[in-house]
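Each chain, written out:
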Amino acid sequence: MDPYQTLEQLRQLLDSKQITAEELCRYFLDRMAQFDQQTNSFVSVEPEQVLAEARSADKNIDRGINGQLTGIPVAHKDNFCVRGQRTSCCSNLLSTFIAPYDATIVKNISKDGGIYFGKTNMDEFAMGTSNQTSTWGPVRNPWDLSRVPGGSSGGSAAAVAAGFVPVATGSDTGGSIRQPASFCGVTGFKPTYGRLSRYGMIAFASSLDQAGTLTRTAQDAATMFQIMQGHDPRDATSESSSNNKSVSVKHPLTIGYSASLFNDLDSDIVARIEASRKTLEQLGHKFEDVEVFDQDLALSSYYIISCAEASSNLARFDGIRYGSRTKSAASIQELYEDTRSQGFGDEVKRRLLAGTYFLSNNSPENYVQKAQKLRRMVYDLYQELFQNVDVVLAPSAPSTAFRLDEQLDSTDMYRQDRFTVPVNLCGLPAISVPCGLVNELPIGVQFIGPQYGDELILDLADRFQKETSWHLQRPKL
Amino acid sequence: MNSKILNELCAHCAFTLNDAEKERLVADLKLILEYIDQVQTVPTDGIDPLVHPISNGHLRKVDEPETSGHENLNQTESVETAEGFYVVPKVIEP
């Protein structure tokens, strides 16, 4: 059995009865049990429940009741509510929280027959770029166990890269799907804001958060997207299915390319992205030079907005309604303070303090309004840019995976997201696909589309992967 | 950023920090603000703030009372409830 098969290949195996869903799930459970002690990509798995669901899927396959995912295991990032399962956001504060309902995308995957396999590790409340802020310990990159997998969806990226599951969900507030996809050599897709419901996805920064996937291929990402999408009345920002705004898929494309993005990158990384450009040119695509917004200004704007929104969103964790609570508190204020002091980790506290500062009278200028004006400038620039080009090509991350013991200060860590945050500020779709190895570590390239150009960039990524084999590379575990 | 401002922020955030954490966070936040402050150099007069990436605004729905149906389940996640209410330490002092 090859653990790196696509959804289409697994569907064929199951439908032709070459393997049962129970055998398939048992195989992935065994593989995970054998290797996940090294990577720590999962934070909860209940094998008996997985196998019970698989047996039920086998009965459905026998009856000919088949979704595209029937019998196929899917892992969920630990910030998606799965009814009856611990949903901790990898925070000590929610370490005992059992979700009372399913997130809409979890429900959509389940309706299609996908088997809930387990919860993947992540940075606490999705705040991080290295998966080192999890209360359940750091994730290690399957390509090199001394290195980080990226974050915040580091567990999902590592699990797919290690062949523990064929697909996993993730969330992307500022690059949390695309950067770990780049570090782990998998395909990471962040759809247009509003295309996938946020209901049941624990909020970090509501105007930026978007669910998506970590998969082996762009074709698998497209399959998952089709299953997960749809209007959800429980999410006021969910796009109505009647809007019909999708950008038509076409070929060849005019692709925007900005040399300024590559100024401070390692020459080996630039060489891999240049090679990707050549591949795309051979496929008939044309390139046009474009100017993009200053990365550091966009990142600063993102940081202000995300921290401000987080400081509001995380106010709900007060020890009264969810998770753990200090037993000895004598007053309500003490209860709040003790619960939150013991519950939140350092990075979350840092961002909540920063967000509160940006929102408070202490700040010398109105940071949030300034950031929102910059957000408008980034948005307008991309709107204008997409009048002339169909897609923009950019690096997914400024480096390959760094070492766990590497000392990066806060701003260095935040600058990991400088190529990815403009996409979230503007609600655009983007996909990171593997484009090479540098010193035996994977690196990705990012295709950014206009709003509702999800299918367009998925098609481009699929064509790119049909010409390259970087997405087929595997780590040695 | 200094320890006085940090103490005020902690009160707003409803958590406390020990002395070592305070020292570390004042230094961290200074560094972050130094980086962030570059936004103040950009002229933005006359630009409308963008608060959300969906240009047509949030979707509207009929304003009718509804329940999620999860009320009882939600309360199972609280450490202490009684008769459908959340139990907390006494709020009003005698």
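Residues numbered from 1 in each chain as written. Chains lettered and ligands numbered in written order. Predicted model: local features only at pLDDT ≥ 70, side-chain atom pairs only at ≥ 80, totals over all residues.

Caption draft 1: Molecular detail of the overall build of chain B. When helices and strands are tallied, chain B shows three helices and two strands. Overall, chain B shows an N-to-C arrangement of helices and strands of α-α-α-β-β. Taken over the C-alpha trace, chain B has a radius of gyration of 22 Å; the compact-globule value for 94 residues is 12 Å, which it surpasses by more than 25%. For chain B, the spread of C-alpha atoms along the three principal axes comes to 55 × 45 × 25 Å. (Helix = DSSP H or I, 4+ residues; strand = E, 2+ residues; numbered from the N terminus. Rg over C-alpha atoms; globule rule 2.2 N^0.38 Å.)

Caption draft 2: Spotlight on the interface of chain B and chain A. Chain B puts 42 residues into the contact, and the matching count from chain A is 57 residues. Every element with two or more residues in the side of chain B that touches chain A is listed here: α1 (3-13), α2 (19-36) and α3 (71-75) of chain B. Broken down by element, the side of chain B that touches chain A gets its largest block of residues, seven residues, from α2 of chain B. Here the residues of the side of chain B that touches chain A are counted per class, giving 26 nonpolar, eleven polar and five charged. (Contact = placed C-beta atoms within 7 Å. Nonpolar A, V, L, I, M, F, W, Y, C, P; charged D, E, K, R; others polar.)

Caption draft 3: The arrangement of the nonpolar core in detail. Core analysis: the biggest nonpolar cluster contains 157 residues, and Val74, Ile115, Val165, Ile304, Val391 and Ile431 of chain A have the highest contact counts within it. Discounting residues that sit within four places of it in the chain, Ile115 of chain A has contacts with Ala21, Cys25, Val50, Glu53, Ala54, Ala57, Gly71, Ile72, Pro73 and Val74 of chain A. (Core = buried A, V, L, I, M, F, W, Y, C linked by C-beta atoms within 7 Å. Buried ≥ 20, exposed ≤ 12 C-beta atoms within 10 Å, placed from the backbone.)

Caption draft 4: Just unusual backbone geometry, in detail. All names here are of chain A. With an omega of 10°, the peptide bond running from Gly151 to Ser152 counts as cis. By the element assignment, Ser152 lies in the loop between β3 (115-120) and α5 (154-161). Looking along the chain, the bond that leaves His251 and enters Pro252 is cis, with omega of 0°. Relative to the helices and strands, Pro252 resides in the loop between α7 (218-228) and β7 (254-257). Phi at Ala126 is positive, roughly 65°, even though this residue is not glycine. One can find Ala126 in the loop between β3 and α5. Phi is positive for Asn131, close to 60°, though the residue is something other than glycine. Relative to the helices and strands, Asn131 resides in the loop between β3 and α5. For Asn131, a count of 34 C-beta atoms within 10 Å corresponds to the buried category.

Caption draft 5: Helix α2 (residues 21-39) of chain A, seen in detail. All names here are of chain A. With 19 residues, α2 ought to run about 27 Å at 1.5 Å a step, and its terminal C-alpha atoms sit 25 Å apart, in line with that. The sharpest bend along α2 measures roughly 40° and falls at Ala33. Looking at α2, one finds that the buried residues are Ala21, Leu24, Cys25, Phe28, Leu29, Met32, Asp36 and Thr39. Remark: Asn40 follows α2 within two positions and exhibits a positive phi of approximately 60°. (Expected span 1.5 Å × (residues − 1). Bend = angle between axes of the 7 residues up to and from the residue.)

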